[in-house]
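# Structural overview
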Amino acid sequence: MRRLAEALYLITIALWVGGLWAIGYIVAPVLFSSLGDRQLAGMVAGKLFALIGWVGLGCAAYLIGFAVTRSGGRFFRSPIFWLVLLMGLLTAASQFGIQPLMAQLKADALPREVMESVLRDRFAAWHGISSILYLVQSLLGLWLVVWSGRGLK
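Calculation notes
Residues numbered from 1 in each chain as written. Predicted model: local features only at pLDDT ≥ 70, side-chain atom pairs only at ≥ 80, totals over all residues. Heavy atoms only, no water. Helix = DSSP H or I, 4+ residues; strand = E, 2+ residues; numbered from the N terminus. Axes fitted to C-alpha atoms, helices over the stretch in contact; angles between N-to-C directions. Parallel < 35°, antiparallel > 145°, perpendicular 65-115°, else oblique. Left-handed = near helix turned anticlockwise from the far one by under 90°. Nonpolar A, V, L, I, M, F, W, Y, C, P; charged D, E, K, R; others polar. Contact = heavy atoms within 4.5 Å. Patch = residues over 30% accessible without salt bridge, like charges linked within 9 Å, V, L, I, M, F, W, Y side chains within 5 Å. Areas by Shrake-Rupley, 256 points an atom, 1.4 Å probe, with all protein chains shown as cover. Salt bridge = Lys/Arg side-chain N within 4 Å of Asp/Glu carboxyl O. Phe/Tyr/Trp six-rings, centres within 6.5 Å; stacked < 30°, edge-to-face > 60°. Buried < 20%, exposed > 50% of the residue type's maximum accessible area, 1.4 Å probe, protein only.

### Looking at unusual backbone geometry
- Each neighbour pair has its own omega, and for L110 with P111 the value is 10°, a cis peptide bond.
- Its location among the elements puts P111 in the loop between α3 (79-109) and α4 (120-147).

Here it is, written out as structure tokens:
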């Protein structure tokens, strides 16, 4: 059973971090460069970011559970635990704070597009904050990949 838990630990890291990088830095740019309609590209990208947010929350839960059961009371000393916790908190802040706020700004702008409304500056500011959080998550994810072997010791 221990080998299965260790394999799931590595698969979970690969899924979460790989998903962050694939969606954020490959898929989303391709959507915006390939689709003629920026609104459609944004809508699809938003759904993908929400999906990887849910995946991230599930992965964080498993990885934290793994760290706690693996190291007992010493999990607070594990850098892996703190990386995963920070990534999970950033994911939750985006998923339950920033994304709903941006969705509300889009709804408030109707029937216009949010970028053509008086809410443009607020939306752009929150989009920028969201992008920075995503970049930080992505970089922490790389750190997690590099250190992933430490979580198995």
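### So, the packing of helix α1 (residues 2-34) against helix α2 (residues 38-71)
- α2 packs onto α1 with a crossing angle of 160° between their chain directions and a minimal axis gap of 9 Å. Accordingly, the angle class assigned to the pair α1 and α2 is roughly antiparallel. Viewed along their axes, α1 and α2 form a crossing whose handedness is left-handed.
- Considering only residue class, the contact of α1 with α2 consists of 24 nonpolar, five polar and four charged.

### Looking at the packing of α1 against α4
- Across the interface, α1 lies against α4 with an axial gap of 10 Å and an inter-helix angle of 140°. Between α1 and α4, the interaxial angle falls into the category oblique. The crossing of α1 and α4 is left-handed. Contacts from I13, V17, G19, L20, W21, I23, G24 and Y25 of α1 reach α4 at Y134, L135, Q137, S138, L139, G141, L142, L144 and V145.
- Its residues assigned to classes, the contact of α1 with α4 shows 12 nonpolar, five polar and no charged.

### Things to note about a nonpolar patch on the surface
- Taken together, the side chains of Y25, I26, V27, V30, L135, L139 and L142 define a hydrophobic patch exposed on the protein surface, amounting to about 570 Å² of accessible area.
- Of all elements in the fold, only α1 and α4 reach the threshold of two or more residues within the nonpolar patch.
- Broken down by element, the residue count for the nonpolar patch peaks at four residues, all from α1.
- Take Y25: it is sitting in helix α1.

### Overview of the side chain of T12
- Structurally, T12 is set in helix α1.
- Once residues within four sequence positions are removed from consideration, T12 is found in contact with C59, Y62 and L63.

### Regarding the packing of aromatic side chains
- According to the stated counting rule, one finds 12 aromatic pairs in the structure shown.
- Geometrically, the ring pair formed by Y9 and F66 is stacked, given 4.6 Å between the ring centres and 20° between the ring planes. Of this pair, Y9 sits in helix α1 while F66 sits in helix α2, placing them 57 residues apart in sequence.
- The buried category is assigned to Y9, whose relative accessible area is 1%.
- On the basis of relative accessible area, F66 is assigned to the buried category, the value being 6%.
- Ring centres 5.0 Å apart and planes at 65° place the aromatic pair W143 and W147 in the edge-to-face group. Of this pair, W143 and W147 both sit in helix α4, separated by four residues, roughly a single helical turn.
- The class of W143 is partly exposed, set by a relative accessible area of 41%.
- Taken together, W21, Y25, F49 and Y134 form an aromatic cluster joined through their ring pairs.

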